[in-house]
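# Breakdown of the fold
Each chain is listed here by its residues.
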Amino acid sequence: LSDPDGAYALGPWGRRYQQGWGDIDVGVTYRVFDGTGDRAWSRLGSADGRRWRQSVGATFRVGTGSPVDPDDPLMLPTGDGQHDIELVSATDLLWGAHAWGSVVLRYTKQLSDERVARLPVASLSPYLPLSRRVLAERAPGDRVQLDVAPRWVFNDYLAVGTRYRFVHEAATSWREVAPADGAAALRATGEPMTVHEAAFGVTWSSIAAWQRGRS
């Protein structure tokens, strides 16, 4: 990594830390329908019927974070560093007092930006030579994320839940900005990404019991 052809700015092994702003989300959520009850805590008091609620939202993500440094692969980024527009749909389902579930769908439009980058090579090698380091216009791929999270509430204190998450992000493309006179602009396209994730969790809380006066 210290070879002149690579010129990664790596010093000796040691403690690394990063301090600064991350990306900032500015958004709004609108509750379209709420069949869980008129009062905020009413969903805890009734065990009858199947109820649901639906919300939609929009977020503008300001890329105030520090992205990955192309010359320092060990740097800790604080954010993506580019602006995003995100739309979200959240559906909550309740079957009585014990079975709950949430389905959340997100679509993220990642906006283009310009940054210094090391463009990927056809072999997808993680070692990117200095000759691939250019000022580039980057067009991140759009992202779709689906979360399905069923939960079972045993009593006023204990609940268990699972979650399945699917994420797909389209390929990112780069195009060199202002190449040398007479030279063709370098271009590169990354690989799309698809992730499947499963999780299981146990929650203990006294909030429901406190609301009923039994804490």
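Heads up: these notes are all about the structure in this document. Everything numeric in this text was worked out from a predicted model, so none of it was measured.

What counts, and where the lines are drawn
Every chain begins its residue count from 1, and numbering advances along the sequence as written. Predicted model: local features are reported for residues with pLDDT of at least 70 only, side-chain atom pairs are reported and counted for 80 or more only, and whole-chain, interface and lining totals are derived from all residues. Hydrogens and water are ignored here; the side-chain numbers use all heavy atoms of the structure. Under the scheme used here, helices are H or I runs from DSSP no shorter than 4 residues and strands are E runs no shorter than 2 residues, and both carry numbers assigned from the N terminus. Using a 1.4 Å probe on the protein chains alone, a residue whose accessible area is under 20% of its type maximum counts as buried, one over 50% counts as exposed, and one in between counts as partly exposed. Polar contact criterion, stated in full: a pair of N or O atoms within 3.5 Å, where within protein one must be able to donate a hydrogen and the other to accept it, and residues adjacent in sequence count only if both atoms are side-chain atoms. Contacts: residue pairs with any heavy atoms within 4.5 Å of one another. Centres within 6.5 Å are what make two rings of Phe, Tyr or Trp a pair, Trp counting through its six-membered ring; a difference in plane orientation under 30 degrees is then read as stacked, over 60 as edge-to-face, and the rest as tilted. Each pair of strands is called paired provided DSSP finds at least two bridges between the two strands.

Another point: the side chain of Glu169. Assignment of secondary structure puts Glu169 in strand E8 (residues 158-169). Judged by relative accessible area, Glu169 falls into the buried class, the value being 14%. Within the local environment of Glu169, its side chain forms a polar contact with the side chain of Arg143, the two groups lying 3.0 Å apart. Excluding its chain neighbours within four sequence positions, the residues that come into contact with Glu169 are Gln110, Gly141, Asp142, Arg143, Pro192 and Met193.

So, on to the packing of aromatic side chains. Considering all chains together, one arrives at 2 aromatic pairs under this definition. Centre to centre, the rings of Phe33 and Trp52 are 4.7 Å apart; their planes meet at 40°, and the pair counts as tilted. Taken together, the residues span a long stretch of sequence, with Phe33 in strand E1 (residues 24-34) and Trp52 in strand E2 (residues 50-62) at a distance of 19 residues.

Bringing the pairing of strand E9 (residues 173-176) into the picture now. Of the two faces of E9, only one is covered, namely that formed by Trp174 and Glu176; the face formed by Ser173 and Arg175 stays uncovered. The pairing of strand E6 (residues 133-139) with E9 spans 4 bridges and is antiparallel. The partner of Arg138 across the bridge, within E9, is Trp174. Across 3 bridges, the pairing between E9 and strand E10 (residues 187-189) is antiparallel. Paired with Trp174 across the bridge in E10 is Ala188.

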